[in-house]
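Survey of secondary and tertiary structure
Here is how the chains run, residue by residue.
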Amino acid sequence: MNHETAVSSAKEIADRVLAPAARQNDKEGRFSSEAIKALGPAGLLSIMLPADVGGAALGPRTFAAIVSALAEADASVAMVYLMHVCAAATIAAARKGATVAPTLKEIAAGRHLSTLAFSEAGSRSHFWAPVSRARRNAAGVHITAKKSFVTSAGQASSYVVSALAPQGTAPTDSTLYLIASGARGLSVAGAWDGLGLRANASAPMTLDDCEVSYESQLTDDGAGFQAMLQVVLPLFNLGSAAVALGICRAAVAGTATHLKSARFEHLGQSLGESLPTLRAQIATMQIDTDGLAARIDDLIDHLERPRDTTVLRVLESKAAAGDTAIAVTSAAMRICGGAAFAKHMAVERLFRDAHAGAVMAPTGDVLREFIGKAVLGMPLF
Ligand SMILES: Cc1cc2nc3c(=O)[nH]c(=O)nc-3n(C[C@H](O)[C@H](O)[C@H](O)COP(=O)(O)OP(=O)(O)OC[C@H]3O[C@@H](n4cnc5c(N)ncnc54)[C@H](O)[C@@H]3O)c2cc1C
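Described below are features of the structure shown in this document. (Residues numbered from 1 in each chain as written. Predicted model: local features only at pLDDT ≥ 70, side-chain atom pairs only at ≥ 80, totals over all residues. Heavy atoms only, no water.)

1. A closer look at the packing of helix 4 (residues 75-92) against helix 5 (residues 101-108)
- At a closest axis distance of 10 Å, the pairing of helix 4 and helix 5 adopts a crossing angle of 145°. Helix 4 and helix 5 meet at a crossing whose hand is left-handed. Together, H84, A88, I91 and A92 of helix 4 and T103, L104 and I107 of helix 5 make up the contact between the two elements.
- The residue makeup of the contact of helix 4 with helix 5, split by class, is five nonpolar, two polar and no charged. (Axes fitted to C-alpha atoms, helices over the stretch in contact; angles between N-to-C directions. Helix = DSSP H or I, 4+ residues; strand = E, 2+ residues; numbered from the N terminus. Left-handed = near helix turned anticlockwise from the far one by under 90°. Contact = heavy atoms within 4.5 Å. Nonpolar A, V, L, I, M, F, W, Y, C, P; charged D, E, K, R; others polar.)

Right, dumping it as structure tokens:
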């Protein structure tokens, strides 16, 4: 598989599986297991895993293109996929001594969906500071934790879970663990009924004295924070920006279709032909969408050839993308008028989905706090 074949496979699945079901899955808050069943055999669940474990060993450019293609059809599925790729990368980067080969093999075979369970009820969006603490025993650790939101909760085959290290002293002295879906003490702790991304099962989960073997410890004690920053954050921020791009592209396309097809019969013109103000507004949507695409390309270039400004670009991209998605879909709502408000078209789903990016951690506000500190030469934590 190469970049072109991977992206065209994602587009084919988006058109055939995601697009026809997106509206109903959103309405019912239904997780699309059909999407995962299609992405797995196509080899897309192991897109960034190394070749020696059966992955396609492709880079951030391919990952971002796949995510935005999926998001154009259904942002819920794109978010599920993004969380999985971040979890798979964390599993692949596990410390020596962790037993991850069977899991990686299952991912490469397209049979295993994973996800991240970082956010906790106690530290809320400050995912880098879990309040749960692992307790050591002879075989490994026990973890009791309240995870506030877990994408693919109850649907994933495994969860990459954070907890404070048994002997950790600082709030960021966390460790990451791999926990299988059937583990005793691990359960979904409520329903997911979000404003947007309604089909991605982002329910709370509880770990009740969950036993984790030493072999399932993904990082050294206290090294979870570094893995979050070095492995997860760049991919997650890039992927979030790509979700936003897919949403924006779908909003532009949906709005254009409406402006061409909805008519003022008494004037003998379509909305688009009749009203220059609507043409000006869709032009702004197009400018913002292409600007976001250029920003994502720039971030990919910084990830492919890391340099001094890479961290800043990682932080900026998610903050900017969240705002752009909200602005573009808000414009679409206004341009498409009562038809959008009355849910006659997909634009209102895009508007709701667009609002998730800014509140998902690191939130747009937290990113601004980090960027401001970075610009002033202050430590981020
Ligand atoms: C659809 C969805 C899917 C999710 N999936 C996952 C998942 O798979 N795994 C996971 O671990 N988590 C997941 N999350 C959780 C997410 O990452 C955040 O932790 C969660 O959205 C934070 O919500 P909160 O109410 O706890 O925010 P709060 O922490 O209560 O924040 C409230 C407000 O304060 C602002 N704020 C907080 N700290 C600062 C600061 N230092 N400076 C300035 N402003 C600040 C925030 O930006 C926000 O506006 C998901 C969330 C959503 C909505």
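2. Some details on helix 4
- Look at helix 4: 25 Å from first C-alpha to last across 18 residues, which is about the 26 Å you get at 1.5 Å a residue.
- Among the 18 residues in helix 4, 17 count as buried, and that is most of the element.
- The N-cap of helix 4, judged by a side-chain oxygen 2.9 Å from the amide nitrogen of S76 a few residues on, is D74. (Expected span 1.5 Å × (residues − 1). Buried < 20%, exposed > 50% of the residue type's maximum accessible area, 1.4 Å probe, protein only. Polar contact = N/O pair within 3.5 Å; in protein donor to acceptor, adjacent residues only side chain to side chain.)

3. Quick word on the sheet that holds strand 4 (residues 158-164)
- Spatially, the three strands line up as an open sheet ordered 1-4-5, and their pairing is mixed. The outermost strands of the open sheet, each flanked by one partner alone, are strand 1 (114-117) and strand 5 (174-180). Here the strands of the sheet are splayed against their neighbours by 25° on average, with no regard to which way each runs.
- As judged from the four bridges shared by strand 1 and strand 4, these two strands associate in the parallel manner. Bridging from a neighbouring strand, A117 pairs with V161 of strand 4.
- Relative to strand 5, helix 6 (residues 224-261) is tilted by about 75°, and along the sheet it contacts strand 1, strand 4 and strand 5. (Pairing = 2+ DSSP bridges.)

4. Examining a nonpolar patch on the surface
- Taken together, the side chains of V375, L376 and M378 make up a nonpolar region of the molecular surface, amounting to roughly 330 Å² of accessible area.
- With respect to the helices, strands and loops of the structure, M378 is situated in the segment after helix 13 (364-375).
- Given the relative accessible area of 43%, M378 is considered partly exposed. (Patch = residues over 30% accessible without salt bridge, like charges linked within 9 Å, V, L, I, M, F, W, Y side chains within 5 Å. Areas by Shrake-Rupley, 256 points an atom, 1.4 Å probe, with all protein chains shown as cover. Salt bridge = Lys/Arg side-chain N within 4 Å of Asp/Glu carboxyl O.)

5. Here we look at the site of the ligand
- The immediate surroundings of the ligand are formed by 20 residues, with S119, R124, S125, T363 and D365 found nearest.
- The separation between a nitrogen atom of the ligand and a polar main-chain atom of L116 is 2.9 Å.
- Summarising the interface, the protein chains cover 73% of the accessible area of the ligand, which totals 990 Å² for the free molecule.
- At the level of secondary structure, the elements contributing two or more residues to the shell around the ligand comprise strand 1, strand 3 (140-150) and helix 13.
- In terms of residue class, the shell around the ligand is built from 12 nonpolar, six polar and two charged. (Near = heavy atom within 4 Å.)

6. Looking at the environment of E304
- Within the secondary structure, E304 sits in helix 8 (residues 276-304).
- Since its relative accessible area comes to 39%, E304 is described here as partly exposed.
- A sequence separation of 211 residues divides E304 from A93, and the C-alpha atoms of the two residues are 18 Å apart.
- Here E304 is in contact with P60 and R61, once residues within four sequence places are set aside.

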